[in-house]
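Residue-level listing of the chains:
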Amino acid sequence: IRNFCGYDPERDFERCLRAHEDAVPSNWTRAQAERIRITPDNVTTEINEPFPRISPDLWIWDMWPLTEKDGSTAVLPGGWRVLFALTAPKSVLPGKRHDVARIGYFYSKNGNDWIQGGTVFPEGDALGSRQWAGSAFVEDDTINFFYTATGRRGESQVTYEQRIALARGRVISDLNGVLFDDWAPHQVILEPDGVLYQTLEQSLSGGIIYAFRDPFFFKDPASGCEYLLFEGNIGGVAGEFDCGPGVPPEARFYTGNIGIALLRNEDFTEWELLPALLQAPCTNQQTERPHLIVNGGRYYLFTDSHQFTFAPGLVPGPGPDGLYGFVAGSLRGNYTPLNGGGLVVTNAPQEPFQAYSWLVLPDFTVLSFIDNFNLQGISIEEVGLLPDEFQFAHFGGTLAPTLQLKIFPNNTTKIVNELGYGVLTLSQTESPKCNQQFCNECDD
Ligand code: FRU
């Protein structure tokens with residue numbers, strides 16, 4: 001079903017660009033972050049063994065479903081739902097998995113029992129020395145796959161440059177299962193410009209961690225315009241940001257933002273960088289895996305962040321590893337944190353690292369993976385110093401229970417249910433209300 005008019009870059013690019021003309025990023029401020037509280041409404045139950053594992057031989061972590069262009073879970077011929085995930089062999093020490101990550105896939109008829117499909121790209125096709133998170137949608141039988149190409153192919157030592165890449169291929173699906181084939185050569189489609197978004201080089205003067213990654217495809221139902229969201233840092237040399245008086249000087253190295261780029265051609269290869277949707281200067285360095293859901297005319301912007309990436313000096317302390325959310329009245333509206341500080345989902349306080357990389361779907365179910373569980377108070381830094389056996393035994397590397405979130409009109413949220421481990425619902429985007437003016441303009 002075609003709910004809204006197609007985006008034709010030839011016809012629509014200028015109109016879509018104009019909507020961002022004087023746009024400035026919303027701010028996630030220190031004062032807002034100081035309102036973060038762990039409450040019964042945002043905390044999940046403790047995870048412990050035994051739990052089901054999606055793969056016998058692979059660790060999996062960041063995950064995302066194959067969707068339709070509007071963000072709904074795709075159901076392929078044969079009745080299959082598909083879930084992508086970053087993967088590494090189980091022989092790899094959990095902390096080293098990021099250095100060898102490959103994108104794998106699983107498919108299922110009920111969104112609960114998963115069949116392992118293998119790696120998505122033939123070895124040697126993908127850009128980067130490893131692949132990090134992204135998103136993918138299917139249109140007819142073409143898959144448009146956006147991912148993070150980290151480092152450079154063939155490098156002998158891992159490096160941390162991150163570029164956003166596109167792969168387009170064909171989906172083959174029938175009663176027997178799902179395959180991907182006919183991949184066109186992968187292309188780099190977005191790199192930081194150093195002005196809106198920091199380059200790796202600019203980051204080298206200091207700071208704790210760098211990002212230009214995690215592309216998320218988004219079609220705005222109000223305008224038809226098509227975008228990629230991604231995790232970035234504010235452009236400029238690290239450490240030059242002025243946090244103003246009364247803020248610890250080291251906070252100037254914390255400049256996470258949620259970037260956005262507008263599609264410029266019909267092949268998905270050309271994109272225009274736009275001012276970030278949200279930035280967290282002097283508040284937080286990391287806004288990972290940003291994603292947007294439109295519901296009831298409101299724009300819910302979610303991101304994952306870590307305790308260690310909050311800027312120093314926040315009172316009563318840094319926020320926990322968690323899913324953070326913001327709401328605005330339109331794509332370029334002023335995003336304000338849900339629940340006052342932004343915290344929407346976090347781990348049981350006694351096991352603060354048991355799950356991560358939460359991804360909210362259009363029906364407000366939330367996927368995540370089991371990270372370091374049953375640490376019994378051992379800090380995440382200490383874990384890295386413990387014997388390999390301990391590290392292997394306390395890493396989940398599989399899907400956590402899917403959560404059901406509810407959002408109330410006063411911009412508070414509550415985890416209302418926990419479903420099974422790794423359950424992927426049919427999650428449909430609410431039928432978009434077509435912008436009349438725009439719809440009258442188009443001829444299809
Ligand atoms: C989140 C994350 C992503 C990145 C991936 C790397 O868990 O840090 O931002 O793409 O993991 O493994």
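Report follows, based on the coordinates. (Residues numbered from 1 in each chain as written. Predicted model: local features only at pLDDT ≥ 70, side-chain atom pairs only at ≥ 80, totals over all residues. Heavy atoms only, no water.)

Points about the overall build of the chain
Summing up its helical and strand segments, the chain has six helices and 24 strands in all. Scaling as 2.2 N^0.38, a compact globule of 444 residues should have a C-alpha radius of gyration of about 22 Å, and the chain matches this with 21 Å. With respect to the three principal axes, the spread of C-alpha positions in the chain is 60 × 55 × 45 Å. Burial status across the chain gives 57% buried among its 444 residues. By element, 51% of the accessible surface of the chain is carried by carbon and sulfur atoms, the whole surface being about 17800 Å². (Helix = DSSP H or I, 4+ residues; strand = E, 2+ residues; numbered from the N terminus. Rg over C-alpha atoms; globule rule 2.2 N^0.38 Å. Buried < 20%, exposed > 50% of the residue type's maximum accessible area, 1.4 Å probe, protein only. Areas by Shrake-Rupley, 256 points an atom, 1.4 Å probe, with all protein chains shown as cover.)

Thoughts on the site of the ligand
The immediate surroundings of the ligand are formed by Trp61, Asp62, Leu86, His98, Trp132, Ala133, Arg213, Asp214, Glu231, Glu288, Tyr356 and Ser357. At a separation of 3.1 Å, an oxygen atom of the ligand approaches a polar backbone atom of Ala133. Considered class by class, the residues forming the shell around the ligand number five nonpolar, two polar and five charged. (Near = heavy atom within 4 Å. Polar contact = N/O pair within 3.5 Å; in protein donor to acceptor, adjacent residues only side chain to side chain. Nonpolar A, V, L, I, M, F, W, Y, C, P; charged D, E, K, R; others polar.)

Focus on a nonpolar patch on the surface
There is a patch of nonpolar side chains on the surface, built from Ile208, Ile209 and Phe308 and spanning about 240 Å² of accessible area. Assignment of secondary structure puts Phe308 in the loop between strand 16 (298-305) and strand 17 (322-328). Phe308 sits in the partly exposed class, given a relative accessible area of 45%. (Patch = residues over 30% accessible without salt bridge, like charges linked within 9 Å, V, L, I, M, F, W, Y side chains within 5 Å. Salt bridge = Lys/Arg side-chain N within 4 Å of Asp/Glu carboxyl O.)

A few points about the state of the cysteines
Under the criterion given, the structure shown has two disulfides. Between the sulfur atoms of Cys243 and its disulfide mate Cys282 the distance is 2.0 Å. The chirality of the disulfide connecting Cys243 with Cys282 is left-handed, given an S-S dihedral of about -95°. With a gap of 39 residues between them, Cys243 in the loop between strand 12 (226-233) and strand 13 (255-263) and Cys282 in the loop between strand 14 (271-281) and strand 15 (288-295) connect regions that are remote in the sequence. (Disulfide = S-S within 2.5 Å.)

Some thoughts on the pattern of salt bridges
As enumerated under the stated definition, the model contains 18 salt bridges in all. Salt-bridge contacts for Arg289 lead to Asp62; the nearest nitrogen and oxygen are separated by 3.9 Å. On the criterion of sequence distance, the pair formed by Arg289 in strand 15 and Asp62 in strand 2 (residues 58-67) is long-range, its members being 227 residues apart. The pair Arg289 / Asp62 is uniform in exposure class, with both members buried. In this structure, the salt-bridge partner of Arg170 is Asp182, at a minimum N-O distance of 2.6 Å.

Details of the pairing of strand 24 (residues 413-421)
Two elements, strand 23 (residues 401-407) and strand 24, share six bridges in a ladder whose sense is antiparallel. Each residue of the ladder has a partner; that of Lys406, found in strand 24, is Lys414. Counting the residues between successive antiparallel strands, the hairpin from strand 23 to strand 24 contains five residues, one of them, Asn411, with a positive phi of roughly 65°. (Pairing = 2+ DSSP bridges.)

Concerning unusual backbone geometry
Cis geometry marks the peptide bond from Glu49 to Pro50, where omega comes out at 5°. Locating Pro50 in the fold gives a position in the loop between helix 2 (30-33) and strand 2. The linkage connecting Val315 with the following residue, Pro316, adopts the cis geometry, with an omega of 10°. On the secondary structure map, Pro316 appears in the loop between strand 16 and strand 17. Located in the positive-phi region is Asp182, a residue other than glycine, with phi close to 55°. Looking at the secondary structure, you find Asp182 in the loop between strand 9 (177-181) and strand 10 (187-190). Using a relative accessible area of 46% as the deciding quantity, one classes Asp182 as partly exposed. In this structure, Phe268 is a non-glycine residue whose phi angle is positive, near 65°. Along the polypeptide, Phe268 turns up in the loop between strand 13 and strand 14. The class for Phe268 is buried, based on a relative accessible area of 4%.

Re the environment of Asp113
Take Asp113: it is sitting in the loop between strand 4 (102-108) and strand 5 (115-119). For the pair Asp113 and Ile54, spaced 59 residues apart in sequence, the C-alpha to C-alpha distance is 8.3 Å. Beyond its immediate chain neighbours, meaning those up to four positions away, Asp113 contacts Tyr107 and Ser108. At 2.7 Å, the side chain of Asp113 and the side chain of Asn110 are in polar contact. (Contact = heavy atoms within 4.5 Å.)

Section: the sheet that holds strand 13
What the five strands build is an open sheet, ordered 1-14-13-12-11; its pairing is mixed. Each edge of the open sheet is held by one strand with a lone partner, namely strand 1 (26-27) and strand 11 (213-219). One ladder, built from two bridges, connects strand 1 with strand 14; its direction is parallel. Within the sheet, the bridge partner assigned to Asn27 lies in strand 14 and is Gln279. Packed onto the sheet, helix 1 (residues 9-18) meets strand 12, strand 13 and strand 14 and runs at close to 150° relative to strand 13. (Axes fitted to C-alpha atoms, helices over the stretch in contact; angles between N-to-C directions.)

Some words on the pairing of strand 21 (residues 365-372)
Successive side chains on a regular strand alternate, one facing one side of the sheet and the next facing the other. With respect to burial, strand 21 is a largely interior element, eight of its eight residues being buried. Strand direction decides the pairing type here: strand 20 (residues 355-360) and strand 21, joined by four bridges, are antiparallel. Note that in strand 21 the partner of Leu359 across the bridge is Leu367. A loop of four residues connects strand 20 with strand 21, the two strands running antiparallel in sequence, and Phe364 in this loop sits at a positive phi of about 65°. As paired strands, strand 21 and strand 23 are joined by two bridges and run antiparallel to one another. Residue pairing for strand 23: Val366 is matched across the bridge by Leu403.

No statement about biological role is implied by the geometric values presented.
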